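What the coordinates show
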Amino acid sequence: VQLQASGGGLVQAGGSLRLSCAASGRTFSSYAMGWFRQAPGKEREFVAAIGWSGRSTRYADSVKGRFAISRDNSKNTVYLQMNSLQPEDTAVYYCASRRDAYYGGSSYPEDYDSWGQGTLVTVSS
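Now for a description of the structure that goes with this document. (Residues numbered from 1 in each chain as written. Predicted model: local features only at pLDDT ≥ 70, side-chain atom pairs only at ≥ 80, totals over all residues. Heavy atoms only, no water.)

**Considering the nonpolar core**
Within the largest apolar cluster, 32 residues are counted, with the highest numbers of intra-cluster contacts made by Trp-35, Val-47, Phe-67, Val-78, Leu-80, Met-82 and Tyr-93. Those elements that place two or more of their residues in this core are strand S1 (2–6), strand S3 (17–24), strand S4 (33–38), strand S5 (45–50), strand S7 (67–72), strand S8 (77–82), strand S9 (91–98) and strand S11 (119–124). The leading source of residues in this core is S5, at five residues. Setting aside anything within four residues of it in sequence, one finds Val-78 in contact with Leu-19, Ser-20, Cys-21, Phe-28, Met-33, Trp-35, Ile-50, Ile-69, Ser-70 and Arg-71. (Core = buried A, V, L, I, M, F, W, Y, C linked by side-chain atoms within 4.5 Å. Buried < 20%, exposed > 50% of the residue type's maximum accessible area, 1.4 Å probe, protein only. Helix = DSSP H or I, 4+ residues; strand = E, 2+ residues; numbered from the N terminus. Contact = heavy atoms within 4.5 Å.)

This is the structure:
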């Protein structure tokens, strides 16, 4: 599957951005999707995930209540709405598609076999 992430940019602290990830190449609606991020000098970390049907979601504690993941299976796209952004949210954000069909979202990167190219989010203080 090919994943194309977009929507990153520069925003002031307290602002909002919505990331999009468009998928092609396999049946999008059968696979859970996730968002991860990697800040400079740090390891990649889990942000949010959504199950194949969209009924289940999970979030990292650091973004709970501020970020929301959703999917539109008719558009083969997963979204990450990010509100109340803080400088510590600055990172390259990656979307990923889970390896196995009909599973819920996972916080483990090894459960994903396809990754987008990343989109940079910069939050200024």
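What follows continues from the structure just given.
**So, the pairing of S7**
Only one face of S7 is buried, namely the one carrying Phe-67, Ile-69 and Arg-71, since none of Ala-68, Ser-70 and Asp-72 on the opposite face is buried. Two strands pair when backbone bridges link them, and S7 and S8 are joined in this way by six bridges, in the antiparallel orientation. Paired with Ala-68 across the two strands is Gln-81, which belongs to S8. Between the antiparallel neighbours S7 and S8 lie four residues, among them Asn-76 with a positive phi of about 50°. (Pairing = 2+ DSSP bridges.)

**Brief notes about the side chain of Ser-30**
Relative to the helices and strands, Ser-30 is located in the loop between S3 and S4. According to the relative accessible area criterion, Ser-30 is buried, its value standing at 8%. Residues within four places of Ser-30 in sequence aside, it is in contact with Trp-52, Ala-101 and Tyr-102.

**Overview of the pattern of salt bridges**
Per the stated rule, a full pass over the model turns up six salt bridges. Arg-37 serves as the salt-bridge partner of Glu-45, at 2.6 Å between the closest nitrogen and oxygen. Exposure remark for Glu-45: the relative accessible area of 35% places this residue in the partly exposed category. Taking the relative accessible area as the measure of exposure, Arg-37 reaches 5% and is therefore buried. In this structure, Asp-111 engages Arg-98 in a salt bridge whose closest nitrogen and oxygen atoms are separated by 3.7 Å. Note that Asp-111 is positioned in the loop between S9 and strand S10 (112–115) and Arg-98 in strand S9, a separation of 13 residues in sequence. (Salt bridge = Lys/Arg side-chain N within 4 Å of Asp/Glu carboxyl O.)

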